[in-house]
Amino acid sequence: MFGYSNNQCANCKHFLTYGWRGRNYFKCEIYGDSNSEATDWRKSYIACGLFNKETPHKNIYKNLHDNDKTAGPIDGQIAIKL
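Residues numbered from 1 in each chain as written. Predicted model: local features only at pLDDT ≥ 70, side-chain atom pairs only at ≥ 80, totals over all residues. Heavy atoms only, no water.

Describing the overall build of the chain
Each helix and strand counted, the chain has one helix and two strands in total. Going residue by residue from the N terminus, the α and β elements of the chain occur as β-β-α. In the chain, the proportion of contacts linking residues at least 24 apart, taken out of those at least 6 apart, comes to 60%. Here the chain has roughly 6400 Å² of accessible surface; of this, 51% comes from carbon and sulfur atoms. (Helix = DSSP H or I, 4+ residues; strand = E, 2+ residues; numbered from the N terminus. Contact = heavy atoms within 4.5 Å. Areas by Shrake-Rupley, 256 points an atom, 1.4 Å probe, with all protein chains shown as cover.)

Concerning the pairing of strand β2 (residues 23-28)
Pairing of strand β1 (residues 15-20) with β2, which is carried by six bridges, proceeds in the antiparallel orientation. Within the sheet, the bridge partner assigned to T17 lies in β2 and is F26. (Pairing = 2+ DSSP bridges.)

A few points about the confidence of the model for the chain
Residues with a pLDDT of 70 or more make up 82% of the chain, whose mean pLDDT is 82. Taken element by element, the chain is modelled with least confidence in helix α1 (residues 60-65), mean pLDDT 68, and with most confidence in β2, mean pLDDT 92. (pLDDT = per-residue confidence, 0-100.)

Quick look at the pattern of salt bridges
Tallied over the full model, the rule gives three salt bridges. For K13, the salt bridge identified is with E54, shortest N-O distance 2.2 Å. Residue K13 is located in the segment before β1, and its partner E54 is located in the loop between β2 and α1; the two are separated by 41 residues in the primary sequence. Taken together, the shared-partner salt bridges in this structure form one network comprising K27, D33 and D40. (Salt bridge = Lys/Arg side-chain N within 4 Å of Asp/Glu carboxyl O.)

Side note on unusual backbone geometry
Although it is not a glycine, R21 adopts a positive phi angle of roughly 50°. The exposed category is assigned to R21, whose relative accessible area is 74%. Despite not being glycine, N52 has its phi angle at roughly 55°, a positive value. Among the secondary structure elements, N52 is positioned in the loop between β2 and α1. A residue is classified by how much of its surface remains accessible, and N52, at 34% relative accessible area, is partly exposed. (Buried < 20%, exposed > 50% of the residue type's maximum accessible area, 1.4 Å probe, protein only.)

So, in structure tokens, the structure goes:
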């Protein structure tokens, strides 16, 4: 969605670590957190084009899976026509 960079997510300011019941869970601030493994992230993932950049894009997962279908597309999002 945002391209890629020559870095790993672990080194990005949007990479978050949460502790819960003695375990660490990794999430991406931009992709979001669903409070489930659906949004778990890996340190070794190749970072996207928003690596360490300021962005208004937060919690993309929630926006994609929100029941409110009136929300419009995200600026810069690629449209796929079937």
